[in-house]
Amino acid sequence: MKARTIPLAAALGAVVFFSLLYLLPPFSLAENKMIYDTFLRFRPKRERADNIVFLDVDDQAIAQVGVFPWPRSVMAEGLLRLKEYRARTAIFDIEYIDKSPTQVDEVYLKEGLARDYNRRFSEIGVNMADVLNAISAGYIPPGEASAYTEDINALIAAERDALFGETMGITRDNDRFLGEAAALYGSAWGTLNLQDEFALEGEQALRRLVAEERFSWPVAAAPGVTGGNSADILPPIPLFMDALEGAGFTNVVIDPDGVRRRIFLTRKVKDHWYLQLAFAPLMRSMGNPGLELRKNKLIIKRPGEKDTVIPLDGDGAMMLDWPVETYEKSFTHISFAEFSSLELYQSHIEEYLENFVYSGLGAFPGLAREASPVIALFEEAAEAKAQAVSECSDEAFGRYIALRDEGLSRTGEFLAYAPLYIAGETERLREALRAEAALAESLSEEIQYCTTLLEYLDTEYGALLEIHGRLQNTLEGKLCIIGRVDTGTTDIGVNPFHGKYVNVGTHAVVLDTVLSGSFIAPLPVLWSVLFSLLLVPLVILSGGSLKPGLRLVFGLGAAFLLPLLSFALFVFKGYFLGPLGPALAMAAAVVIRETFAFVGTEQEKQFIRKAFSTYLSGDVVREILADPAKLQLGGTKRHMSAIFTDIKGFSTISEKLDPEELVFLLNDYLSAMSATVLDQRGTIDKYEGDAIIAFFGAPLELEDHARRACMSAIAMKRVERELNARYRENGSSPGPLLTRIGINTGSMVVGNMGTRQKMDYTIMGNAVNIAARLEGVNKQYGTWILASEDTVKEAGGGIVSRRLDRVEVVGITAPVRLYEILETAENAPPEMLAQVELFHRALDLFEGREWSAAENAFEEAANLAPGDAPSELYRRRCREYRENPPPDGWDGIARLSQK
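Residues numbered from 1 in each chain as written. Predicted model: local features only at pLDDT ≥ 70, side-chain atom pairs only at ≥ 80, totals over all residues. Heavy atoms only, no water.

Some points on the side chain of D56
Then comes step 1: Its place among the elements puts D56 in strand β1 (residues 52-57).
Then comes step 2: R484 provides the closest opposite charge to the buried, unpaired D56, separated from it by 11 Å.
Then comes step 3: Residues contacting D56, with those up to four places away along its chain left out, are A61, Y327, H333, I334, S335, F336, G483 and V485. (Helix = DSSP H or I, 4+ residues; strand = E, 2+ residues; numbered from the N terminus. Buried < 20%, exposed > 50% of the residue type's maximum accessible area, 1.4 Å probe, protein only. Lys, Arg positive; Asp, Glu negative; His and termini not counted. Salt bridge = Lys/Arg side-chain N within 4 Å of Asp/Glu carboxyl O. Contact = heavy atoms within 4.5 Å.)

Some details on the pattern of salt bridges
Then comes step 1: This model, assessed by the stated rule, comprises 45 salt bridges.
Then comes step 2: Across the pair D321 and R46 runs a salt bridge, and its minimum N-O distance is 2.9 Å. Taken together, the residues D321 in the loop between β13 (318-319) and β14 (332-335) and R46 in the loop between α2 (25-41) and β1 connect sequence positions 275 residues apart.
Then comes step 3: Given a relative accessible area of 2%, D321 falls into the buried group.
Then comes step 4: In this structure, the salt-bridge partner of R302 is E305, at a minimum N-O distance of 3.6 Å.
Then comes step 5: Several salt bridges converge on common partners, so that one network encompasses K33, D37, D255, D257, R261, R262 and D313.

What about the environment of E855?
Then comes step 1: As for its placement among the helices and strands, E855 is situated in helix α27 (residues 851-864).
Then comes step 2: Placed twelve residues apart in sequence, E855 and L843 show a C-alpha to C-alpha distance of 9.4 Å.
Then comes step 3: When neighbours within four sequence positions are excluded, E855 is seen to be in contact with R875, C878, R879 and R882.

A word on the sheet that holds strand β4 (residues 219-221)
Then comes step 1: Within the open sheet, the four strands sit side by side as β4-β10-β11-β12. Their pairing is mixed. Of all strands in the sheet, those with a lone pairing partner are β4 and β12 (308-311), marking the two edges. Here the average twist between neighbouring strands, direction ignored, is 20°.
Then comes step 2: In this sheet, strand β10 (residues 290-294) lies alongside β4 in parallel orientation, the contact comprising three bridges. Across the sheet, residue V219 finds its bridge partner in β10, namely L291. (Pairing = 2+ DSSP bridges. Axes fitted to C-alpha atoms, helices over the stretch in contact; angles between N-to-C directions.)

Looking at the packing of aromatic side chains
Then comes step 1: In this structure the tally under the stated criterion is 33 aromatic pairs.
Then comes step 2: The interplanar angle of 90° and the centroid separation of 5.6 Å between the aromatic rings of F92 and F240 together place this pair among those described as edge-to-face. Residue F92 is found in strand β2 (residues 89-92), and its partner F240 is found in helix α9 (residues 238-241); the two are separated by 148 residues along the sequence.
Then comes step 3: Looking at F240, the relative accessible area reads 1%, which means it is buried.
Then comes step 4: Ring geometry for F570 and F576: centres 6.0 Å apart, planes at 85°, overall edge-to-face. Across this residue pair, the class does not change: F570 and F576 are buried.
Then comes step 5: Connected via pairs of aromatic rings, a cluster forms that spans F839, F846, W851, F858, Y874, Y881 and W890.
Then comes step 6: Over the face of the ring belonging to F570 we find R43, whose NZ or CZ atom lies 5.6 Å from the ring centre. (Phe/Tyr/Trp six-rings, centres within 6.5 Å; stacked < 30°, edge-to-face > 60°. Lys NZ or Arg CZ within 6 Å of the ring centre and 35° of its normal.)

Printed below as a string of structure tokens:
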């Protein structure tokens, strides 16, 4: 009966224990990090959605524009390009929650203003030249020339007024322009920012009313589904918000380890539901289907079609099916620099054509004659574009595209005509000017200028057409996601595959996961518990009749197969059944069963377990049980580190407590402090009242025993602060428990001392005594952790310590250099490091007998850390030594008379 009872109890106990661990967030986090992320890497490869395009605001795009932050006109122009290329949707992962200040449009100032000046003056020049040529040719009699004065003045006035209006455009309202462009495009989606901590006020609070009307979604939520606890929601500025087709929230879920594995698709704010930024336009593209939210699923319901069921985790978030590739290698990417290049090339083409008009006034009037109508087309196109934006007119926008395209087509014809015309005119003019050397040289310069200008025009015209064609083929019908990816962005996160992944990529993964139906269904923890409850006892009992070796292989093999079963379920069906609890429960049950099986025959292991289980960490005990040869009975000399602790004024505290309260308090304190030793694989020697004696380096050798001792001491002070906060809250202790700690490293004798009936695994030796003395020396320096120089040197980097005196402690004549252990390097605040550096400089002055300078330096150190006892101690010494200097043979050693 006992033979079956013990294995069954072991199986059930292991199942209960590891099932309860699922209640602890670190356990679930470990399962995600070790198991889920690994499984995700082996998901079957598939084609990712091909209708998603990233418009990257990257380093190239920022360099192309030349300023950052960009004027919002840049994005407005981009929206107009998306409309031209018939992109389905523009999803902005860029927040426009604040109005942009009225400022100079540096892009227009840099590229557009000069072009407009050239164009306007060119128009005046051409008309003036036409009149003068007509007079010169006799078409207009000199006596009638004055009749054209009024027309010329009117032309100049019109061009002046137009130029003034264009110049005033330098300070145009780019927020309005962005809103007008978004309205004209008609399918732009902006951001909503969930406010988790507090409700908004003022104008921003009023925006929520618009968001509730325009951006909320009718989600049918099952009873008990809360949808989060956000206090408010912040939409974009009204000028942009009013022009949007919709908006979605950008807030994401970050697991405790900093990894983004899941995302909420719906959130609730003040009785209104909102959708995630990428999910919202996707639902609109599906025809605004109904959404039904249940505890573990979100159902998309479309009339006449099969429901789409999106599995959710226990908190209501969808697991993301991340691509293994980097951001740059997943999905399609277009640099926003492509759009800026189009604007730049268009501007240059118009500028080159205007220059041909100027040049045509001289030797090549045919160039002016051919270029002028093209310029007029571009000007008319610009007017149609402005009308389309200001009036939100698709008709005007269509006219703009038609006029611009005709202008580009005519530019191509000009490029075909111009070289032939220049060549023909050049031959004729050179023949006519053969005897005029100066005019011939001037003609050569004009030919060279026109030829070079023609090369520029041809190059940029070809580049414009190439980019234009590529973008048109790439963007038509696509879901476009716009976001910053430049090296200056801070919007970078971590996913299961990459330590740095631009967060805008999350939106494409949301779209791809839903569009492909490649969902991952995280099964509730209860499934793992039931899996353990059914399988672990079955395996343990069914293997009971096997020989010990086969039984062990059978049990551990089953523990290994459990993750494989979970892996197969994940890869082939998309279900994630957490295998860590069941596998560990199986392994633990096997270990417990085999441990009991060997109890009667493994006397040496029984002795080790009995001797060490009370003062060794669990992993040390397991290593010794696996290899008993690591433990040498009796005493042995070993290089180790010892640690002594004691509570300041504990006698006074204990007098105020009755025995039961005192025992409870002391046990709670010692348990927490001992855990820091065991966490660092140390060994508890003994407890003496409120004091702890421990060591590092036995029974298992630890090369970094000095560092572990220091880390344990630092952890003790952290635990002490947590305990005192709790004791202060519940009144367990009449006063704070403040621990003094001494650490030393050196040769010690360690081993089992006594008899088999009564023994003690302990340490002894001079190095041990020094550790005990250093604990008491804290009282004289006002410190809490003192270590010897040997300990600090062997601990190496990573520990922040402060050098103090060389001392002769009571009973030990060899001087010991004291170091105060303060903190780990990674957790040390900058002011602590600065104070330590200043203190060391002061100590050097002190040991060099420069009392006044040392006192001033110690005072500075004290100012950086008010109440710092060592700084005050040395200041007093400096004053004493300044008045009564020590003898010439002073060696700086402090000879202590108290323990």
